[in-house]
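Coordinate analysis (summary)
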Protein chains: 2
Amino acid sequence: MELPTPNKKVVAKRDEIVKKLIEIVGRDGVVSDEDGRRAFESDGLNAYRCMPLAVALPRSTLEVSKLLKYCQSEGIKVVARGAGTSLCGGALPAEDAIVIGISRMNKILEIDYESRFVHLESGITNLAITQAVAAEGFFYAPDPSSQIACTIAGNLAMNSGGAHCLKYGVTTNNVLGLKMVLIDGEIIELGGPYLDADAYDLLGLVIGSEGQFGIITEVTVRILRSPEGAKPMMLGFGSSKDAGNCVAAIIAAGILPVAIEFMDKRAIEVCEEFANAGYPLDAQALLIIEMEGSPEEITQALDRIKRIAEPFSPTSEVTATTEQQSEKIWRGRKSAFGALGRISDYFCMDGVIPLARLAEVLERITQICEGHGLKVANIFHAGDGNLHPLILYDANNPEELQKAEAAGAEILTLCVEVGGCLSGEHGIGVEKRDLMPVQLSKTELALQMRIKTMFDPDWLLNPAKVFPLHDRQDPSLASQT
Amino acid sequence: MELPTPNKKVVAKRDEIVKKLIEIVGRDGVVSDEDGRRAFESDGLNAYRCMPLAVALPRSTLEVSKLLKYCQSEGIKVVARGAGTSLCGGALPAEDAIVIGISRMNKILEIDYESRFVHLESGITNLAITQAVAAEGFFYAPDPSSQIACTIAGNLAMNSGGAHCLKYGVTTNNVLGLKMVLIDGEIIELGGPYLDADAYDLLGLVIGSEGQFGIITEVTVRILRSPEGAKPMMLGFGSSKDAGNCVAAIIAAGILPVAIEFMDKRAIEVCEEFANAGYPLDAQALLIIEMEGSPEEITQALDRIKRIAEPFSPTSEVTATTEQQSEKIWRGRKSAFGALGRISDYFCMDGVIPLARLAEVLERITQICEGHGLKVANIFHAGDGNLHPLILYDANNPEELQKAEAAGAEILTLCVEVGGCLSGEHGIGVEKRDLMPVQLSKTELALQMRIKTMFDPDWLLNPAKVFPLHDRQDPSLASQT
């Protein structure tokens, strides 16, 4: 992965910059020593590392505004950071960039049950929202596996999803408004505690823009009523193909479970060892299907799904009977990445495909990885065709890293070929930036880059992400006219 | 309503332009005589009229591309038109503009039940999509009252909603991808038959952009499984305040009906006379609440809603017992605008407010209209706080038109004051363009206008809409830097 050549002038001014940052956010809000900065050198995609110039931890929108205004005036690059759980290097620093971490801005500002919204500071964790409204019987729907740690700011930056987004939609479907600081320090508000947006939907544009338009400091999210109950069922299958076809059949039948999660044999084994969730070790593929509602509704729906599954001859079928069992089943799934991380380094892909192509694509993913002499584990949100092949490799072996990168590129190109796209919920970041031309025509890429230039004329915000490094220099693409 | 001064050079070249249009789309695809053009001089907001230079009716994306390329090269303005049902003048022509109508591009290109999408040409009507998949038990969710006539292209332009969007979301929540022709003739594709979009969400940006970025020629929409059944209940109330508070209480209880429609006394009377739906003529306000699912689920949910409604002492309560009764109840609601049109001219407002403020805002709307000596009827999607005050006036009396415009402006300003916005589903068009500064700061307005300039440097597409007429000339707003 190539990093751009740093701006030596900026690097040379480091001490002066740190002094200014301390002026703005106070000494306790600046991390400038080497050990301290090392904690920020990478995110969830830890194959890539880079020490930032310094880290600023503001406490208010006003401080963020002062920071950005200063950075623009001095031509200093800025990497915004939530909890640093990005899986595509979305928060990877640069040598000539400061990191602005919003983790100290984590207050809930307003809860309104009649209008069903929560207004909060963007540094709050995803799970904290649900925790704040659970007592009243409400919840915030998007649930990334990292929800204990990841911030709402990061969720908005990547338009994060999660297992339960099959029914409730991803971040952009659950956010009503936001407050954002632009690179020149200007503060804008988009949307608000109501359904729609006026004129052009800048709210939708900013959600998923990977910290490249500004720094989001406040968010208004929609909350939903917690269901009466929910229950997961585990269906084991003799092949990934059977499991994949079963998912397509369930969706084609018009049933919309809260979640349909897929694990292949390798994922089953690793997660079972980690969580003792009772996953079927004899299965080649496992579907975790969750339905919610009243006990009768759940039973009715699960029975219907069992009938739909029959032609694909499930090798096992277990429905959770207790809360504890349900929790274990989900804990196993949500800790999957961590569990796999214990046995191997991996690249987590994030492609999306039309559901009808699922079985076929899974077979080709295995072939691609074997072609590079690598193992792969598949564990993903099957219901909406959002694949997460985990390519296993040895990070201490540079050759294997290259092989893993190559296999990943082939897999994502395949997703686009079958009519899908490069990213479902993790974003583009540094990981997929060079694949953007696979998805977008030159005209489409140019439109994207012009919008970037419009928000951030000098391309200071979250540098070297999203777009192929060298297209940036191509005026026919990035220029405004 | 002010129209910009036409470009005399373009108007003078009319014959030459018509000749070129015929070259591109054929003689049968061009409307140039006065009577023919008159059919296009206004849309659903017929208080405003303007004859276009000519009308072109292309049959393919390629023809649209040739038309736009020609128009840009000659500096000819373009107004895209679906079925012309816009309620905010979104399709109002200009003297120096040609109208491009896409009504002849109305084919369904692909239906895929496994991946749950339909790929179609944008000139197809909203209802035709559901009709095409109903036999297989699927439907397309957004349901504007004009769904028999309005096109999907128009739905995308305005991000249209409908009575059933409370549960299923508006257009932007149900569209997966589109093909659009830019002003220079370039053809781009955004999104596709999968859940998410790469990089910046241009799909979300384009949906709701009111024909100002390009002309959408193909669309991929998500289809949903039809519910097992659905049933409306009518609750009458002694005051709009009671009805409004009841809606807030239902939502706060976390119940999400498919629809919660609100009618005040005037609307009840007019619609009942038109549709004989059995609306309670003794009520000051009526709620039509629809639940769907299995018969048991529906009964259970409606019973719960009745209990929630008790404190607001409903004056009547009727649940539909037959299909015919359900149809009548909905026909009355969906024909409301037409029914009112029989007794009076009206301006249909389209503000959105946080639900908790509903009762209070309804009172102030009546005061505002009475202040101008005008009557108002309220009939709207209460569940998501999307108000539709219908200001009644006499179109033959210029003074009354001005009063109605003034009352409308006050009402929409009120919506913004209480934390809402100017438009829920009808768009800005010409009707609300001058109110945009009420909603947006100068910075926010500038961002919006720069995006417009990026897509359409000469502002040729759907002129004189969305933005205050004179801000366009303010370089600090519209310019790119």
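Because the structure is predicted, anything quoted here is derived from the model rather than measured.

1. Quick word on the interface of chain A and chain B
In this complex, chain A contributes 65 residues to the contact, which on the side of chain B involves 65 residues. Summing both partners gives a buried area of about 5700 Å² for chain A against chain B, and 59% of it is carried by carbon and sulfur. Summed over the shared surface of chain A and chain B, the number is zero salt bridges. The tally of links between chain A and chain B comes to 14 residue pairs in polar contact (both at pLDDT 80 or more). Of all elements in the fold, only strand E9 (187-191), helix H8 (202-206), helix H9 (240-252), helix H16 (436-439) and helix H17 (442-455) of chain A reach the threshold of two or more residues within the side of chain A that touches chain B. Looking at which element gives the most residues to the side of chain A that touches chain B, the answer is H17(A), with nine residues. In terms of residue class, the side of chain A that touches chain B is built from 34 nonpolar, 16 polar and 15 charged.

2. As for the sheet that holds strand E14 (residues 285-292) of chain A
Residue and element names in this part refer to chain A. Pairing is antiparallel across the open sheet formed by seven strands, whose spatial order is E15-E12-E14-E13-E17-E18-E16. Pairing within the sheet leaves two strands with one partner each, and these edge strands are strand E15 (316-319) and strand E16 (345-348). Neighbour-to-neighbour, the strand axes of the sheet open up by a mean angle of 20°, direction not taken into account. The pairing of strand E17 (residues 375-381) with strand E18 (residues 389-393) spans four bridges and is classified as antiparallel. Paired with valine 376 across the two strands is isoleucine 391, which belongs to E18. Against the sheet, H9 engages strand E12 (230-237), strand E13 (259-264) and E14, with an angle of about 170° to E13. Across the sheet, helix H13 (residues 336-343) lies against E16, E17 and E18, angled at about 145° from E16, the strand it touches most.

3. Some details on the packing of H9(A) against helix H14 (residues 358-371) of chain A
All names here are of chain A. Two elements in contact, H9 and H14, have axes whose closest approach is 8 Å; the angle formed by their N-to-C orientations is 150°. Taken together, the axes of H9 and H14 lie roughly antiparallel to each other. Considering how the two elements wind past one another, H9 and H14 form a crossing that is right-handed. Two secondary-structure elements touch here, H9 through Ser240, Lys241, Gly244, Asn245 and Val247 and H14 through Leu358, Ala359, Leu362 and Glu363. Residue composition of the contact of H9 with H14, grouped by class: four nonpolar, three polar and two charged.

4. A closer look at unusual backbone geometry
Excluding glycine, residues mostly carry a negative phi; peptide bonds, for their part, are mostly trans. Residues and elements named next belong to chain A. For arginine 116, which is not glycine, the phi dihedral falls at a positive 55°. For arginine 116, the location among the structural elements is in the loop between strand E5 (108-112) and strand E6 (117-121). Assessed through its relative accessible area of 9%, arginine 116 is described here as buried. In this structure, glutamate 210 is a non-glycine residue whose phi angle is positive, near 55°. Assignment of secondary structure puts glutamate 210 in the loop between H8 and strand E10 (215-222). Glutamate 210 sits in the buried class, given a relative accessible area of 4%.

5. Description of the domain arrangement of chain A
Residue and element names in this part refer to chain A. For chain A, the domain assignment lists domain 1 (8-101), domain 2 (108-225), domain 3 (230-337), domain 4 (344-432) and domain 5 (440-477). Look at where the C-alpha atoms of domain 2 and domain 3 centre, and you get two points 29 Å apart. Contacts between domain 2 and domain 3 engage 10 residues on the former and 11 residues on the latter. Contact with domain 3 buries area across many residues of domain 2, yet Ser145, His164 and Leu166 alone supply 55% of it, more than any other trio. Remark: the boundary between domain 2 and domain 3 carries two salt bridges. The residue glutamate 292 makes a salt bridge to lysine 167 at a minimum N-O spacing of 3.0 Å. When grouped by side-chain class, the residues that make up the side of domain 2 that touches domain 3 number five nonpolar, three polar and two charged.

6. Things to note about the confidence of the model for chain A
Of the residues in chain A, 97% reach a pLDDT of 70 or more, and the chain-wide mean stands at 92. Predicted as a complex, the structure gets a pTM of 0.90 and an ipTM equal to 0.85.

7. Comments concerning the environment of Ala285(B)
All names here are of chain B. Looking at the secondary structure, you find alanine 285 in strand E14 (residues 285-292). Taking the relative accessible area as the measure of exposure, alanine 285 reaches 0% and is therefore buried. Linking alanine 285 and aspartate 96, residues 189 residues apart in sequence, is a C-alpha distance of 46 Å. Residue contacts for alanine 285: discarding those within four places in its chain leaves Leu235, Gly236, Phe237, Ser239, Ser240, Ala243, Phe262, Met263, Asp264 and Ile268.

8. Brief notes about the relation of the copies chain A and chain B
Once chain A has been moved 0.0 Å along the axis and rotated by 180°, it coincides with chain B to within an RMSD of 0.0 Å. Seen this way, the second copy is the image of the first under a two-fold rotation axis. When the interface residues of chain A are mapped onto chain B, 100% of them again fall at the interface, so both copies present the same face.

9. Regarding the pairing of E13(A)
All names here are of chain A. The buried count for E13 comes to six of six residues, which makes it a mostly enclosed element. A two-sided burial pattern is seen for E13, the buried positions comprising Ala259, Glu261 and Met263 on one face and Ile260, Phe262 and Asp264 on the other. Summarising the sheet, E13 and E14 pair through six bridges and their orientation is antiparallel. The partner of methionine 263 across the bridge, within E14, is leucine 286.

10. Focus: the state of the cysteines
Chemically, a disulfide is nothing more than a covalent bond linking the sulfur atoms of two cysteines. Residue and element names in this part refer to chain B. Throughout the structure, instances matching the rule amount to zero disulfides over all chains. Looking at cysteine 271, it has no disulfide partner, and the nearest cysteine sulfur is the one in cysteine 348, 12 Å off. We classify cysteine 271 as buried; its relative accessible area is 0%. Take cysteine 421: it sits in no disulfide, and the sulfur closest to it among the cysteines is that of cysteine 415, at 8.2 Å.

11. Considerations on the pairing of E9(A)
Residue and element names in this part refer to chain A. One ladder, built from five bridges, connects strand E8 (residues 175-181) with E9; its direction is antiparallel. Note that in E9 the partner of valine 181 across the bridge is isoleucine 187. In this antiparallel pair of consecutive strands, E8 and E9, the connection spans five residues, and glycine 185 shows a positive phi of 95°.

12. So, the sheet that holds strand E8 (residues 175-181) of chain B
Residues and elements named next belong to chain B. Read across the open sheet, the five strands follow the order E5-E6-E10-E8-E9; overall the sheet is antiparallel. Unpaired on one side and paired on the other, strand E5 (108-112) and strand E9 (187-191) mark the two borders of the sheet. Sheet twist, expressed as the mean angle between neighbouring strand axes with direction ignored, is 10°. Bridge analysis of strand E6 (residues 117-121) against strand E10 (residues 215-222) gives five bridges, and the strand direction is antiparallel. Opposite phenylalanine 117, over in E10, you have arginine 222 as the bridge partner.

13. Looking at the packing of helix H2 (residues 14-25) of chain A against helix H4 (residues 61-74) of chain A
Residue and element names in this part refer to chain A. At their nearest, the axes of H2 and H4 sit 9 Å apart, and the two run at 155° to each other. Relative to H4, the element H2 lies roughly antiparallel. Considering only the axes of H2 and H4, their crossing is right-handed. Contact residues: H2 offers Glu16, Ile17, Lys20, Leu21, Ile24 and Val25, while H4 offers Glu63, Lys66, Leu67, Tyr70 and Glu74.

14. Overview of the packing of aromatic side chains
Residues and elements named next belong to chain A. As enumerated under the stated definition, the model contains 20 aromatic pairs over all chains in all. On the basis of an interplanar angle of 55° and a centroid distance of 6.3 Å, the ring pair of tyrosine 48 and phenylalanine 347 is categorised as tilted. With a gap of 299 residues between them, tyrosine 48 in the loop between helix H3 (34-38) and strand E2 (54-56) and phenylalanine 347 in strand E16 connect regions that are remote in the sequence. Take tyrosine 48 and phenylalanine 347: they sit in the same class, and that class is buried. Plain terms: the ring middles of phenylalanine 139 and tyrosine 168 are 5.3 Å apart, the flat faces sit at 75° to each other, and that makes the pair edge-to-face. Within this pair, whereas phenylalanine 139 is found in strand E7 (residues 138-139), its partner tyrosine 168 is found in helix H7 (residues 165-168), the two being separated by 29 residues in sequence. Tyrosine 168 matches phenylalanine 139 in its accessibility class, with the two residues each being buried.

Rules of the game
- For every chain, the first residue of the written sequence is number 1, and numbering continues from 1 onward in sequence order.
- For this description, chains carry letters from A and ligands carry numbers from 1, given in the order in which they are written.
- Reporting of local features is limited, given that this is a predicted model, to residues whose pLDDT is at least 70; pairs of side-chain atoms are given and counted only at 80 or more, and all residues count toward the totals for whole chains, interfaces and linings.
- Just so you know, side-chain values use all the structure's heavy atoms and leave hydrogens and water out.
- Here a residue-residue contact requires only that any non-hydrogen atoms of the pair lie within 4.5 Å.
- Buried area adds together the accessible area that both of two parts lose upon being put together, with accessible area traced by a 1.4 Å probe.
- Any carboxyl oxygen of Asp or Glu that lies within 4 Å of a side-chain nitrogen of Lys or Arg is treated as forming a salt bridge with it.
- Pairs of N or O atoms within 3.5 Å make up the polar contacts considered here, provided that, within protein, one atom can donate a hydrogen while the other can accept it, and that residues adjacent in sequence are counted only when both atoms are side-chain atoms.
- Starting at the N terminus, helices and strands are each numbered in turn, a helix being any DSSP run of H or I of at least four residues and a strand any DSSP run of E of at least two.
- In the scheme used here, Gly and all other residues not listed as nonpolar or charged are polar, with Ala, Val, Leu, Ile, Met, Phe, Trp, Tyr, Cys and Pro taken as nonpolar and Asp, Glu, Lys and Arg as charged.
- Strand pairing is defined by DSSP finding a minimum of two bridges between the two strands.
- The axes are straight lines fitted to the C-alpha atoms, using for helices just the contacting stretch, and the angles between their N-to-C directions are given from 0 to 180°.
- Each angle receives one of four descriptions, namely roughly parallel if under 35 degrees, roughly antiparallel if over 145, roughly perpendicular if within 65 to 115, and oblique otherwise.
- Less than a right angle of anticlockwise turn of the near helix away from the far helix marks a crossing as left-handed, whereas a clockwise turn marks it as right-handed.
- Summary of the burial criterion: residues with accessible area below 20% of their type's maximum are buried, those above 50% are exposed, and those between are partly exposed, where the area comes from a 1.4 Å probe applied to protein chains only.
- Domain segmentation is taken from an automatic or database assignment of domains.
- Scored from 0 to 100, pLDDT records how confident the predictor is in each individual residue.
- The fit set for superposing copies consists of C-alpha atoms from residues with pLDDT of at least 70 in both; the fit itself is least squares.
- Disulfides are defined as cysteine sulfur pairs within 2.5 Å.
- Only Phe, Tyr and Trp rings take part, Trp by its six-membered ring, and two of them pair if their centres are within 6.5 Å. Stacked means planes under 30 degrees apart, edge-to-face means over 60, and tilted covers everything else.

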